[in-house]
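Commentary on secondary and tertiary structure
Listed here are the chains, written in short residue letters.
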Amino acid sequence: MKKDFRYSMSLVNGSVYRNGKFYLEDIYISDQKITKIVPSGKTLLCKKIVDCTNKLVLPGFIDPHVHINLDLGEFKSSDDYESASKAAAFGGITTFIDFLEPINNIDEFDKKLIQKHKEAENSYIDYSFHTTVGNYKDDVERLIEKTHENGIPSIKLFTTYSESNRKISLAKLQEFLSNSSKTDTLILIHAENDEIILNANVEDTVESYESSRPAIAEISEIKNIAKIAADCEGKLYIVHVTCGSSIEFLKENYQELLGKNIFIESCPQYFHLTKDLFNQENGNIFLLAPPLRSSEEQKKLKDNISSIHSIGTDHCPFTKEEKMRYKEASKIPKGLGSLEFSFSLMYYLFGNDIIDKFTINPAKIHNLYPKKGIIQVGSDADFVIFDPVKTQMIELGHSQSDYNPFESMVTNGMIESTILQGKFVVKNRKFVGGKRGQFIKRK
Ligand SMILES: [Zn+2]
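The following refers to the structure shown. What you see is a predicted model, and the numbers here were worked out from it, not measured in a lab.

Conventions and cut-offs
- Residues numbered from 1 in each chain as written.
- Predicted model: local features only at pLDDT ≥ 70, side-chain atom pairs only at ≥ 80, totals over all residues.
- Heavy atoms only, no water.
- Helix = DSSP H or I, 4+ residues; strand = E, 2+ residues; numbered from the N terminus.
- Axes fitted to C-alpha atoms, helices over the stretch in contact; angles between N-to-C directions.
- Parallel < 35°, antiparallel > 145°, perpendicular 65-115°, else oblique.
- Left-handed = near helix turned anticlockwise from the far one by under 90°.
- Contact = heavy atoms within 4.5 Å.
- Nonpolar A, V, L, I, M, F, W, Y, C, P; charged D, E, K, R; others polar.
- Core = buried A, V, L, I, M, F, W, Y, C linked by side-chain atoms within 4.5 Å.
- Buried < 20%, exposed > 50% of the residue type's maximum accessible area, 1.4 Å probe, protein only.
- Phe/Tyr/Trp six-rings, centres within 6.5 Å; stacked < 30°, edge-to-face > 60°.
- Lys NZ or Arg CZ within 6 Å of the ring centre and 35° of its normal.
- 1 Å grid on protein atoms, 1.4 Å probe; cavity = no way out; pocket = protein on both sides within 12 Å on 5 of 7 lines; lining within 4 Å.
- Points joined across faces, edges and corners; volume = space filled by probe spheres on them.

Focus: unusual backbone geometry
Across the junction of Ala289 and Pro290, the peptide omega takes the value -5°, indicating a cis bond. Locating Pro290 in the fold gives a position in the loop between α9 (268-272) and α10 (295-303). Not every positive phi belongs to a glycine, and Asn165 is a case in point at roughly 60°. For Asp314, which is not glycine, the phi dihedral falls at a positive 60°. Checked against the element boundaries, Asp314 lands in the loop between β13 (310-311) and α11 (320-324).

In structure tokens, the structure reads:
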């Protein structure tokens, strides 16, 4: 065995995922980066050799949609950076993207950014943020410039929540999208039609909750924003798409823009849970916005998986007591947690076809590529070591919430280890991380 201590670590004899295929290769790491990839066989002796025989070696996963420390006044979401990043690491996630609190004026930006940076100091994994605007009244171009200067090339808008002054005006929405391509800014949109929701006129109960924000509210709003994005050749990323019908509409009308000007994100909960859960006695604990849908929409969502670009969790858990505190759906904090199990939940349904939606796709869409999302020389040494044979029973996990909506489900495959920038965060299912997470400037 040849000694070569230029390398701090090697991952040997694993099936390495590159360009959509698996190769029996050895990966050599120097400090934080991948420095050499060679066919397995002649292992160079380096400081640390990790045997990955019979394991898949995947790029570290990226979750482009999480909410950490979300403050709703009476309620605050259960996870801070410490617990969220720990749960994420157990789920193979090495980078996640959180949201700055919504702003209506540009002067609020610095404060929100400083606040997030401070919260994130405790992260065990790498992170970034999206800027968020509410009923934004200020200069659009200046905000775009400012957010880029701070390494954040993405801005999220809402087409709903007028009651909490978060709904963007149509004129501003158009302005953001028109400026998006030339400035290379991704416009993330929470697409639900506010008017349909305001006029839904259903009881304020958990059982009626889905009808209060019905599928048609999402589908019709996606029609509106897709048309605007198409007309101005904008860069639109539709967050948490819940309905297969929404995707069918986009395919039928804007196929040529998908993956170019329009990107689709969905979340594990919409693939595994349906609105029938709202009729259960503990239906409250499944409440989130947009709501869970019918099994018909869920089936269509699964049938259209190949048109979905990335999977985010929209991680935003609360405790059981908080969820059960009120009978009125409007008063219940909305959100579920799935950071730790998102890959397992989706791998269970789609196998290897899901990998790109956790790696290279979100990396490219959210300007993390080629630093993240790919195993190649020069990229960050972020990996998941995955055993495709073992099965896993989903447990409570490491989130600070006291329930898991997917608890006791059995999935196939097991995330054994997670490596961030050349060091283990989770090793053989044990947490060994340190607070090494870094803010990743996305350019
Ligand atoms: Zn969200």
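Overview of the packing of helix α7 (residues 215-232) against helix α8 (residues 244-254)
Two elements in contact, α7 and α8, have axes separated by 9 Å at closest approach and are oriented at 30°. With respect to each other, α7 and α8 are oriented roughly parallel. Where α7 crosses over α8, the two elements pack in a sense that is right-handed. In this structure, α7 contributes Glu218, Ile219, Ile222, Lys223, Ala226, Lys227 and Ala230 to the contact, and α8 contributes Ser245, Ser246, Phe249, Leu250 and Tyr254. Residues of the contact of α7 with α8, tallied by class, amount to seven nonpolar, two polar and three charged.

A few points about the nonpolar core
Phe96, Phe176 and Phe343 are the most contacted members of the largest nonpolar core, which totals 97 residues. In contact with Phe176, not counting residues within four places along its chain, are Val133, Tyr136, Val140, Leu143, Ile144, Ile155, Leu157, Ile168 and Ile187. Residues Met9, Ile27, Ile375 and Phe424 belong to the second largest nonpolar core, which totals 15 residues.

Regarding the packing of aromatic side chains
All chains considered together, the criterion is met by 22 aromatic pairs. Taking 6.0 Å as the distance between ring centres and 65° as the angle between the ring planes, the aromatic pair formed by Phe249 and Tyr254 counts as edge-to-face. Tyr254 carries the same exposure label as Phe249, and that label is buried. Clustering of aromatic rings is evident, with ring pairs tying together Phe61, Phe343, Tyr347, Phe358 and Phe386. Taking the ring centre of Tyr23 as reference, the NZ or CZ of Arg18 above it sits at 4.9 Å. Positioned above the aromatic ring of Tyr369, the side-chain terminus of Lys364 is 4.9 Å from the ring centre.

Details of empty space enclosed by the protein
This model, assessed by the stated rule, comprises three cavities of 30 Å³ or more. Together, 18 residues line the largest cavity, and Gly337, Leu396, Ser399, Tyr403 and Asn404 are the ones closest to its centre. Per-class residue counts for the lining of the largest cavity are nine nonpolar, eight polar and one charged. What the second largest cavity holds in volume is close to 40 Å³. In the lining of the second largest cavity, the residues fall into two nonpolar, three polar and four charged.

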